[in-house]
Amino acid sequence: MEQSIRFYRNLLGFQVQYESEHWSTLLIGGVRIGLHPRFEDHGPQGGGWVSCLETSNLEGLRNLLTSNGVHCSEFHETPGGVLFNFQDPDNNRLQAIQPGTTVESLTS
């Protein structure tokens, strides 16, 4: 839990509202998320939904994450903007998107 709290707070800018070893609540931009350790004996592992964070500085966020040892995919252009994929310390899949931009505008 401590590693995930540091990741969301220090790298992604979430505010920690509550923290314990069994449950933590974080807030960013009016959105609250809860972190809970994985139940080893409940259901399939992996898959499911992917949370996507919107940013106005996709390249800056990707640089921050990679400089802190987080593996990030290459930029990928979608109809809604450009995104990249990454994972938190617990291997939860995440994406970051910058709406209304193109890969060319980010890399030029």
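Look above for the structure.
One structure accompanies this document, and this report is about it. (Residues numbered from 1 in each chain as written. Predicted model: local features only at pLDDT ≥ 70, side-chain atom pairs only at ≥ 80, totals over all residues. Heavy atoms only, no water.)

### Considering the sheet that holds strand β5 (residues 76-78)
The strands making up a sheet are joined through hydrogen bonds of the backbone, oriented either antiparallel or parallel. Formally: Note: two strands are recorded as paired if DSSP finds a minimum of 2 bridges between them. Comment: elements are numbered from the N terminus, with helices defined as DSSP H or I runs of at least four residues and strands as E runs of at least two. Fitting a line to C-alpha atoms yields each axis, with helices limited to the stretch in contact; the angle taken between N-to-C directions then spans 0 to 180 degrees. Residue contacts are defined here by distance: any two heavy atoms, one from each residue, within 4.5 Å place the two residues in contact.
Strand order across the open sheet formed by four strands is β4-β7-β6-β5, with mixed pairing between neighbours. Both outer strands of the open sheet, β4 (51-54) and β5, are each paired with one neighbouring strand and no more. In this sheet, neighbouring strand axes are inclined to one another by 35 degrees on average, regardless of whether the strands run parallel or antiparallel. Of the pairings in the sheet, the one linking β4 to strand β7 (residues 93-99) comprises four bridges and is parallel in character. The residue bridging L53 from the neighbouring strand is A96, located in β7. Each of β6 (81-87) and β7 is contacted by helix α2 (residues 58-67), which is oriented at about 15 degrees to β6, the strand it contacts most.

### Section: the side chain of T101
Operational definition: When accessible area is computed with a 1.4 Å probe and restricted to protein chains, residues below 20% of their type maximum are described as buried, those above 50% as exposed, and intermediate ones as partly exposed. Residues adjacent in sequence count toward polar contacts only when both atoms are side-chain atoms; beyond that, a polar contact is any pair of N or O atoms within 3.5 Å, and within protein one must be able to donate a hydrogen and the other to accept it.
Relative to the helices and strands, T101 resides in the loop between β7 and α3 (103-107). Exposure remark for T101: the relative accessible area of 14% places this residue in the buried category. Looking at T101, its side chain comes within polar contact range of the side chain of S105, at 2.6 Å. Not counting residues up to four positions away in its chain, the partners in contact with T101 are G81, V82 and L106.

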